[in-house]
Amino acid sequence: MKSTNRTIFIVSADPVVTRQCIQELVARGGRYPLPIAGSVEQARRAFRDTPPAAIFLDESAVDPDHAGVSLESAVALLTETAPVVVAAAPERQGELTFL
């Protein structure tokens, strides 16, 4: 199946990370729609209107104390929609061994 959708969804609660991600994508010559969500749940709701071709997930968007979602479960939920690139601290790598 060939997809013509080039939307890259940025999921991050950190405005600095979000800005850097956008700058990198633009600097590489990409002209992609770049919708932004501050949480995994907000992103999943937005996917109904804007299905992504890929998702950039920053660990700042995952708050297990607030939403009860771990990094592992957030990635699993998001990969149901599109491939996910995860930006997280090295010590969180163990949470993502299932990838």
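Attention here is on the structure that accompanies the text.

Here is what the cut-offs are and how they apply
- Residues numbered from 1 in each chain as written.
- Predicted model: local features only at pLDDT ≥ 70, side-chain atom pairs only at ≥ 80, totals over all residues.
- Heavy atoms only, no water.
- Salt bridge = Lys/Arg side-chain N within 4 Å of Asp/Glu carboxyl O.
- Buried < 20%, exposed > 50% of the residue type's maximum accessible area, 1.4 Å probe, protein only.
- Helix = DSSP H or I, 4+ residues; strand = E, 2+ residues; numbered from the N terminus.
- Contact = heavy atoms within 4.5 Å.
- Expected span 1.5 Å × (residues − 1).
- Arc of directions from axis to C-beta.
- Polar contact = N/O pair within 3.5 Å; in protein donor to acceptor, adjacent residues only side chain to side chain.
- Core = buried A, V, L, I, M, F, W, Y, C linked by side-chain atoms within 4.5 Å.

## Some thoughts on the pattern of salt bridges
All told, the structure shown has three salt bridges when counted by the stated rule. In this structure, E24 engages R28 in a salt bridge whose closest nitrogen and oxygen atoms are separated by 3.1 Å. Classification of E24 as partly exposed rests on a relative accessible area of 44%. Here R45 makes a salt bridge to E41, at a shortest N to O gap of 3.9 Å. On the criterion of helical spacing, the pair formed by R45 and E41 is a turn pair, its members being four residues apart in helix α2 (residues 40–46). Given a relative accessible area of 42%, E41 falls into the partly exposed group.

## Focus on the environment of G30
Inspection of the secondary structure assignment puts G30 in the loop between α1 (15–27) and β2 (36–37). Looking at G30, the relative accessible area reads 14%, which means it is buried. Counting along the chain gives 24 residues from G30 to R6, while the straight-line C-alpha distance between them is 9.5 Å.

## Examining the environment of I22
Here I22 lies in helix α1. Taking C-alpha positions, I22 is 9.8 Å from I36, a pair spaced 14 residues apart along the chain. Those residues within four positions of I22 in sequence are excluded, and the remaining contacts are I10, L34 and I36.

## Some points on α1
In a regular helix each residue adds 1.5 Å, so 13 residues correspond to 18 Å; α1 covers 18 Å between its end C-alpha atoms and thus fits that length. Those residues of α1 that sit buried are V17, T18, C21 and L25. Buried positions in α1, seen along its axis, are confined to an arc of 100° and lie on one side of it. Turned more than 90 degrees away from the buried face of α1, the exposed residues are P15, V26 and A27. Buried positions along α1 lie against β1 (8–11), β2 and β3 (54–58). One side-chain oxygen at the N-terminal end of α1 lies 2.8 Å from the backbone nitrogen of V16; it belongs to D14. Just downstream of α1 lies G29, where phi reads positive at about 85°.

## Things to note about the nonpolar core
Within the largest apolar cluster, 17 residues are counted, with the highest numbers of intra-cluster contacts made by F9, V11, I55, L57 and L78. Taken together, the elements giving at least two residues each to this core come down to β1, α2, β3 and α4 (71–79). A per-element tally of this core places α4 first, with four residues. Residues within four places of L78 in sequence aside, it is in contact with V40, R44, F47, I55, L57 and V84. I8, I10, L25 and F56 belong to the second largest nonpolar core, which has six residues in total.

On their own, these measurements won't tell you what the molecule is for.
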